[in-house]
Amino acid sequence: QVQLVESGGGSVQAGGSLRLSCAASGRTYAMGWFRQAPGKEREFVAGISWSGGSTYYADSVKRRSTISRDNDKNTLDLQMNSLKPEDTAVYYCAGARTRAPVATISSAYDYWGQGTQVTVSS
């Protein structure tokens, strides 16, 4: 069982930036970031393949975010810029146990972190 631990959340003003990080206790294949705002369902934010050669973003964060990973360190990062109040949510790191294309649905991921809160004020 791989454990995932997120860090880097916090409170920022609109237009600011945050870098979220996820440390994995072991190897995972595709990895992703999801978020869940109060009263809403968990939604896909960004995903990256095992090699890092393929990345995917939700339309809501595209051009404002960059996902990256370091397989030597078993870490996953999400750089978020030009943050908006609607980005406010708990952000979760997710990892897949088996090799498969990057997925945008939460059920495709086997490992989850506890989440880190991101709050963007206007």
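### Observations concerning the pairing of strand β7 (residues 65-70)
Of the two faces of β7, only the one carrying Ser65, Ile67 and Arg69 is buried; Thr66, Ser68 and Asp70 on the other face are not. Bridge count between β7 and strand β8 (residues 75-80): six bridges; the pairing is antiparallel. What sits directly across from Thr66, in β8, is Gln79. Hairpin connection from β7 to β8: four residues lie between these consecutive antiparallel strands, with Asn74 at a positive phi of about 55°.

### Details of the packing of aromatic side chains
One pass over the full model with this rule turns up five aromatic pairs. Aromatic pair Phe34 and Tyr109: ring centres 5.5 Å apart, planes at 75°, arrangement edge-to-face. Residue Phe34 is located in strand β4 (residues 31-36), and its partner Tyr109 is located in the loop between β9 (89-95) and β10 (111-112); the two are separated by 75 residues in the primary sequence. A relative accessible area of 1% means that Phe34 is categorised as buried. Here the aromatic cluster, defined as three or more aromatic residues joined through ring pairs, consists of Phe34, Phe44, Tyr109 and Trp112. In this structure, Arg42 is placed above the aromatic ring of Tyr92, and the distance from its NZ or CZ to the ring centre is 3.8 Å. In this structure, Arg42 packs its charged tip against the face of Trp112, placed 4.9 Å from the ring centre.

### Quick look at the state of the cysteines
Between two cysteines, a covalent bond joining their sulfur atoms is known as a disulfide. All told, the structure shown has one disulfide when counted by the stated rule. The disulfide bridge from Cys22 ends at Cys93, spanning 2.1 Å between sulfur atoms. Residues Cys22 and Cys93 share a disulfide whose torsion about the S-S bond is about -75°; that sign makes it left-handed. In this pair, Cys22 sits in strand β3 (residues 18-24) while Cys93 sits in strand β9, placing the two residues 71 residues apart along the sequence. For Cys22, a relative accessible area of 2% corresponds to the buried category.

### Here we look at the nonpolar core
In this structure, Leu4, Trp33, Leu76, Leu78 and Tyr91 are the most contacted members of the largest nonpolar core, which totals 34 residues. Listed by contribution, the elements that provide at least two residues to this core are β3, β4, β5 (43-48), β8, β9 and β11 (116-121). Sequence-distant contacts of Tyr91, defined by excluding residues within four places in its chain, comprise Glu6, Leu20, Trp33, Phe34, Arg35, Val45, Met80, Gly115, Thr116 and Val118.

### Regarding unusual backbone geometry
Here Arg63, not a glycine, exhibits a phi torsion of approximately 70°, which is positive. One can find Arg63 in the loop between β6 (55-57) and β7. Backbone geometry at Asn74 places phi at a positive 55°, although glycine is not the residue there. Looking at where Asn74 falls in the secondary structure, it is placed in the loop between β7 and β8. Residue Asn74 is classed as partly exposed on the basis of its relative accessible area of 24%.

What counts as what
- Residues numbered from 1 in each chain as written.
- Predicted model: local features only at pLDDT ≥ 70, side-chain atom pairs only at ≥ 80, totals over all residues.
- Heavy atoms only, no water.
- Buried < 20%, exposed > 50% of the residue type's maximum accessible area, 1.4 Å probe, protein only.
- Helix = DSSP H or I, 4+ residues; strand = E, 2+ residues; numbered from the N terminus.
- Pairing = 2+ DSSP bridges.
- Phe/Tyr/Trp six-rings, centres within 6.5 Å; stacked < 30°, edge-to-face > 60°.
- Lys NZ or Arg CZ within 6 Å of the ring centre and 35° of its normal.
- Disulfide = S-S within 2.5 Å.
- Core = buried A, V, L, I, M, F, W, Y, C linked by side-chain atoms within 4.5 Å.
- Contact = heavy atoms within 4.5 Å.

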